[in-house]
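# Descriptive structure summary
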Amino acid sequence: MKPLILTDVDDCLLSWIGGFRQYCSAVLGREIVGKPASWDMSEWLGVATPEIATQMVDDFNHTDWRFGTLSPIANAQIFLPALHKRGFEIKAITCCSHNDGAIALRKVNLYHVFGDIFSEVICQPLGTHKTENLKRFKDRNVVAWVEDKPSAALEGYALGYPTFLMEQDHNLEYRKGNPTNITVVDDWCHISNAVWDKV
């Protein structure tokens, strides 16, 4: 059985924040720049409450065409296909939506960017925990669990999976605590180097 790489999608494979920034700039009628420094994006977006920002996330994932045209993050388009060709199985676990249309956009987006390299793309509702889906692979040789959200990264770590936190502005506060239980990386080159010989 092939060694298994499990990975989140948004800001681990595809630049969700880039697409969302374009969407918000169009909706708000002013240019949104940079990246949010936390999971509460209200200050970054310049909106009154976290609830407004959360609604904008929901609207983007469920109703906007840009959600299906996200670009790859740095180096992902190089290293993911190479890992697949090397002999790794790759599955994506993403809290993008429960909406059939959004799920279809997510799967087509991944196919167009990376090709047919994912044995499964598991889509969950926004904001849900991933533990139950991660548990499905406890009997497999999981060599990497890749996430950008610290709490979700720790869900995989708790199951004994080698865990990599993709460095993003919104997880800076967590990284300042110098976590020792997960490996912080800034792109897929580091993950590829860590797992390459495990096939």
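See the structure above.
First things first, this report covers the structure right here in the doc. (Residues numbered from 1 in each chain as written. Predicted model: local features only at pLDDT ≥ 70, side-chain atom pairs only at ≥ 80, totals over all residues. Heavy atoms only, no water.)

All told, the structure shown has twelve salt bridges when counted by the stated rule. Residue Lys-91 pairs with Glu-120 through a salt bridge whose shortest N-O separation is 3.1 Å. In this pair, Lys-91 sits in strand β2 (residues 89-94) while Glu-120 sits in strand β3 (residues 118-123), placing the two residues 29 residues apart along the sequence. Of the residues examined, Glu-120 reaches a relative accessible area of 24% and is grouped as partly exposed. Residues joined by salt bridges that share partners form a network here, namely Glu-89, Lys-91, Glu-120, Arg-136 and Arg-140. (Salt bridge = Lys/Arg side-chain N within 4 Å of Asp/Glu carboxyl O. Helix = DSSP H or I, 4+ residues; strand = E, 2+ residues; numbered from the N terminus. Buried < 20%, exposed > 50% of the residue type's maximum accessible area, 1.4 Å probe, protein only.)

Our next topic: the sheet that holds β2. Read across the sheet, six strands follow the order β3-β2-β1-β4-β5-β6 without closing on themselves; strand pairing throughout is parallel. Edge positions in the sheet fall to β3 and β6 (183-185), since each has one partner strand and no second. When strand polarity is set aside, the average angle formed by the axes of neighbouring strands in this sheet is 20 degrees. Taken together, the three bridges between strand β4 (residues 142-147) and strand β5 (residues 163-166) define a ladder with parallel strand orientation. Looking across to β5, one finds that Glu-147 is bridged to Leu-165. In this fold helix α5 (residues 100-114) packs onto β2 and β3, with an angle of close to 150 degrees to the strand it touches most, β3. (Pairing = 2+ DSSP bridges. Axes fitted to C-alpha atoms, helices over the stretch in contact; angles between N-to-C directions. Contact = heavy atoms within 4.5 Å.)

Once that is clear, we can look at the nonpolar core. Counting 46 residues, the largest nonpolar core has Phe-20, Leu-45, Phe-114 and Trp-188 as its most contacted members. If you tally residues by element for this core, the top one is helix α1 (residues 16-28), at five residues. Beyond its immediate stretch of four places on either side in the chain, Phe-114 contacts Leu-13, Leu-14, Pro-72, Ala-76, Gln-77, Leu-80 and Pro-81. (Core = buried A, V, L, I, M, F, W, Y, C linked by side-chain atoms within 4.5 Å.)

The quantities given are spatial measurements derived from coordinates; they are silent on function.
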